Amino acid sequence: MCLAVPGKIMTVTGEGPLNRTGKVEFGGVLRDVNLAYVPEADTGDWVLIHAGFAISTVDEEEAALTLEEMKRLADVGGGLIGDESDREDGPVS
Amino acid sequence: MKHVEEYRDPEAVLALAKEIKRITTKPWTIMEICGGQTHSIVRFGIDELLPDEITLVHGPGCPVCVTGVGLIDKAIELARNPELIFCSFGDMMRVPGSDVDLLAVKAEGGDVRMVYSPMDALQIAEDNPDKEVLFFAVGFETTAPATAMTVAQAKEKGIHNFSLLVAHVLVPPAMEAILSMPGTQVQGFLAAGHVCAVTGYEEYHPISEKYAIPIVVTGFEPVDILQGMLYTIRQLEAGRNEVENTYSRIVRPEGNLAAMKLIGSVFDVVDRSWRGIGEIAASGWGLREEYHSFDAERKFNLGQQVAKENPICLSGQILQGITKPHECPAFGTLCTPEHPLGATMVSSEGACAAYYKYRRQTSTTA
Ligand code: SF4
């Protein structure tokens, strides 16, 4: 029930602290989503949607870093990679 | 779909599984908190990729499963009220109360409606000013921003024919409850990524310290889950107990500040009774005094019933990770998703339902 899906903001329609809304596309469907909790997000940004609300923005840089880490792991086929300290900015502890 | 498909890449999954195998030297027991993760683990067979040393325990992480029978009984009583339109997330419809479920009330003619968002329920209230409209507010921290905003808007718009039966539960107190159980086996936690998207993970540092246990914030796709496990096992093998975040594309340390601010203005921390576990102090959110006029438990005079759990059902042990679903004698025979005896068979994120859907043939050997 905590299922939340990433979607892309296509337009921001309503403004106002409680009523910031927009059309968000996910899986090819456009839906009205409340964007009040992601004031920083704008058209073209990816947000995480749960129960009609965007609860987080997707950090593209962090996403790229994770995928890079996975790629390195796949490239060395496991076995050679060090610990997480080879990733400069994370993880946060 | 972007931000989903990449995290199902079979090459990355295999590389992670291989790395986990390489670094694991001792037996470890890890609990995933969230039912969404349980569902992914069973669906994608992630547990079968892990070395024998790793035992996964499916935690209590599904709000549908843990909502107390007493509250379900109250929901059923309210749904039977002919003056009322009762709105709920679809997942709650089949959850057995002491006697029946919400679907049975609907079949009897009750006006029970499934909604996707609590805002839909508020809209129904606006559209039906001559009816009382109620929303069954079930959920973890993940869902609380939606509930809080709905209550705030109802107040702002002055909508008086709307109320909520609030069943919100909080994850960290449940983690502590599990760690405090005498027989607990859990040595590491995958923390629920979408809960942390809202709350952040500052709160987890004291738990990790107090119980000397690694807690790794983890996402929901196979790559996410294996990455969370890899980080947890690295900590266990190195004797470290830290809070780490492997879901950094979604989760910030401080969470969603705008959401937490509104939640703080609408909700207070309250005690809650968890199905299968019992009462946990300070483990839920309830409406603050300023919002008591929206509290269905105050608005309606509800009878006192004695909540009954089905005596055959072992879901309490399953939620605590003591028993696996297929070890329950009723599993797949007396108890199925069509005729669930316990809440863990109802929700697709409950451990019993996940095993039923994906593991039935292998249930005796799994
Ligand atoms: S299989 Fe059914 S009866 Fe057995 S523990 Fe699971 S929900 Fe309860």
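To be clear, the structure that these remarks concern was listed above.
Described below are features of the structure shown in this document. Worth saying up front: this structure is predicted, and the values here are computed from it rather than measured.

1. Observations regarding the overall build of chain B
Okay, step 1: Within chain B, the regular secondary structure consists of 16 helices and 11 strands.
Okay, step 2: Here the C-alpha radius of gyration of chain B, 21 Å, is about what a compact globule of 366 residues would show, namely 21 Å.
Okay, step 3: Projected onto its principal axes, the C-alpha coordinates of chain B cover approximately 65 × 45 × 40 Å.
Okay, step 4: Classification of the 366 residues of chain B by burial places 61% in the buried group.

2. With respect to the pairing of strand β10 (residues 267-274) of chain B
Residue and element names in this part refer to chain B.
Okay, step 1: Relative to strand β11 (residues 278-287), β10 runs antiparallel, the two being bridged by 7 bridges. Following the sheet pairing, R272 is matched in β11 by I280.
Okay, step 2: Between β10 and β11, which pair antiparallel in sequence order, lie 3 residues; one of them, G276, sits at a positive phi of approximately 85 degrees.

3. A word on the nonpolar core
Residue and element names in this part refer to chain B.
Okay, step 1: Formed by 104 residues in total, the largest nonpolar core has its most connected members in F162 and Y204.
Okay, step 2: With 7 residues, helix α8 (residues 144-157) is the single largest residue contributor to this core.
Okay, step 3: Core analysis: the next-biggest nonpolar cluster, separate from the first, contains 25 residues, V13, I23, L50 and L190 among them.

4. Thoughts on the pattern of salt bridges
Okay, step 1: Evaluated as defined, the whole model comprises 21 salt bridges over all chains.
Okay, step 2: The partner of K2 of chain B in a salt bridge is E60 of chain A, with the nearest N and O atoms 3.3 Å apart. On the criterion of chain membership, the pair formed by K2 of chain B in the segment before α1 (10-23) and E60 of chain A in helix α1 (residues 60-75) is interchain, its members lying in two chains.
Okay, step 3: On the accessibility criterion, K2 of chain B (39% relative accessible area) is partly exposed.
Okay, step 4: Beyond isolated ion pairs, a larger network of salt bridges with shared partners links D47, E48 and R359 of chain B.

5. Some words on the state of the cysteines
Residues and elements named next belong to chain B.
Okay, step 1: Counted under the stated rule, the structure contains 0 disulfides over all chains.
Okay, step 2: There is no disulfide at C65, and the cysteine sulfur nearest it, in C62, is 3.2 Å away.
Okay, step 3: The exposure class of C65 is buried, given its relative accessible area of 2%.
Okay, step 4: You can see C196 has no disulfide; the closest cysteine sulfur is in C34, sitting 10 Å from it.

6. So, the sheet that holds strand β5 (residues 132-139) of chain B
Residues and elements named next belong to chain B.
Okay, step 1: The 4 strands are arranged β4-β3-β5-β6 in an open sheet whose pairing can be described as parallel. The sheet terminates laterally at β4 (112-114) and β6 (162-168), the two strands that pair on one side only. Each strand axis lies, on average, 20 degrees off the axis of its neighbour in the sheet, ignoring direction.
Okay, step 2: Pairing geometry for strand β3 (residues 84-88) and β4, over 3 bridges, is parallel. Bridge assignment links C87 to a residue of β4, and that residue is R113.
Okay, step 3: The strands touched by helix α7 (residues 118-127) within the sheet are β3, β4, β5 and β6, with β5 carrying the most contacts at an inclination of about 175 degrees.
Okay, step 4: Sheet contacts for α8: β5 and β6; angle to β6, the most-contacted strand, approximately 155 degrees.

7. Overview of the packing of α7 of chain B against α8 of chain B
All names here are of chain B.
Okay, step 1: Packing of α7 against α8 brings their axes to within 8 Å, and their N-to-C directions diverge by 25 degrees. On the basis of their axis angle, the class for α7 and α8 is roughly parallel. Considering the relative orientation of α7 and α8, their crossing is right-handed. Counting all contacts with α7, which are made through P118, M119, L122 and E126, the residues of α8 involved are A146, T147, T150, Q153, A154 and K157.
Okay, step 2: Residue composition of the contact of α7 with α8, by class: 5 nonpolar, 3 polar and 2 charged.

8. Concerning the interface of chain A and chain B
Okay, step 1: In this complex, chain A contributes 46 residues to the contact, which on the side of chain B involves 57 residues.
Okay, step 2: Counting the surface lost from both chain A and chain B, the interface buries some 4400 Å², and carbon and sulfur atoms represent 62% of this.
Okay, step 3: Inspection of the region where chain A meets chain B yields 1 salt bridge.
Okay, step 4: Applying the counting rule to chain A against chain B returns 13 residue pairs in polar contact (both at pLDDT 80 or more).
Okay, step 5: Looking at the side of chain A that touches chain B, the elements that each hand over two or more residues are β3 (29-34), β4 (46-50), β5 (53-57) and α1 of chain A.
Okay, step 6: Across the side of chain A that touches chain B, the residue classes break down as 25 nonpolar, 13 polar and 8 charged.

9. Notes on the side chain of E32 of chain B
Okay, step 1: Take E32 of chain B: it is sitting in strand β1 (residues 28-34).
Okay, step 2: Apart from the residues within four sequence positions on either side, E32 of chain B is in contact with Q37, T38, I41, L56, V57, H58, G59 and L190 of chain B.

10. Considering the site of the ligand
Okay, step 1: In the region of the ligand, 13 residues are neighbours, and C313, L314, C328, C335 and C352 of chain B sit closest.
Okay, step 2: The residue makeup of the shell around the ligand, split by class, is 10 nonpolar, 3 polar and no charged.

11. Section: the packing of aromatic side chains
Residue and element names in this part refer to chain B.
Okay, step 1: This model, assessed by the stated rule, comprises 7 aromatic pairs over all chains.
Okay, step 2: Look at F267 and W285: their rings are 6.0 Å apart centre to centre, the planes differ by 5 degrees, and that puts the pair in the stacked class. Placement of F267 in strand β10 and of W285 in strand β11 is noted, with a sequence separation of 18 residues between them. Grouping residues by exposure puts F267 and W285 together as buried.
Okay, step 3: Aromatic side chains F331 and Y356 sit 6.3 Å apart centroid to centroid with 70 degrees between the ring planes, which places their arrangement in the edge-to-face category. Of this pair, F331 sits in the loop between α15 (315-319) and α16 (351-359) while Y356 sits in helix α16, and the two are 25 residues apart along the sequence. Each member of the pair F331 and Y356 is classed as buried.
Okay, step 4: Positioned over the ring face of Y7 is R249, at 3.5 Å from the centre of the ring.

The rules behind these values
- Residues numbered from 1 in each chain as written.
- Chains lettered and ligands numbered in written order.
- Predicted model: local features only at pLDDT ≥ 70, side-chain atom pairs only at ≥ 80, totals over all residues.
- Heavy atoms only, no water.
- Helix = DSSP H or I, 4+ residues; strand = E, 2+ residues; numbered from the N terminus.
- Rg over C-alpha atoms; globule rule 2.2 N^0.38 Å.
- Buried < 20%, exposed > 50% of the residue type's maximum accessible area, 1.4 Å probe, protein only.
- Pairing = 2+ DSSP bridges.
- Core = buried A, V, L, I, M, F, W, Y, C linked by side-chain atoms within 4.5 Å.
- Salt bridge = Lys/Arg side-chain N within 4 Å of Asp/Glu carboxyl O.
- Disulfide = S-S within 2.5 Å.
- Axes fitted to C-alpha atoms, helices over the stretch in contact; angles between N-to-C directions.
- Contact = heavy atoms within 4.5 Å.
- Parallel < 35°, antiparallel > 145°, perpendicular 65-115°, else oblique.
- Left-handed = near helix turned anticlockwise from the far one by under 90°.
- Nonpolar A, V, L, I, M, F, W, Y, C, P; charged D, E, K, R; others polar.
- Buried area = accessible area lost by both parts, 1.4 Å probe.
- Polar contact = N/O pair within 3.5 Å; in protein donor to acceptor, adjacent residues only side chain to side chain.
- Near = heavy atom within 4 Å.
- Phe/Tyr/Trp six-rings, centres within 6.5 Å; stacked < 30°, edge-to-face > 60°.
- Lys NZ or Arg CZ within 6 Å of the ring centre and 35° of its normal.

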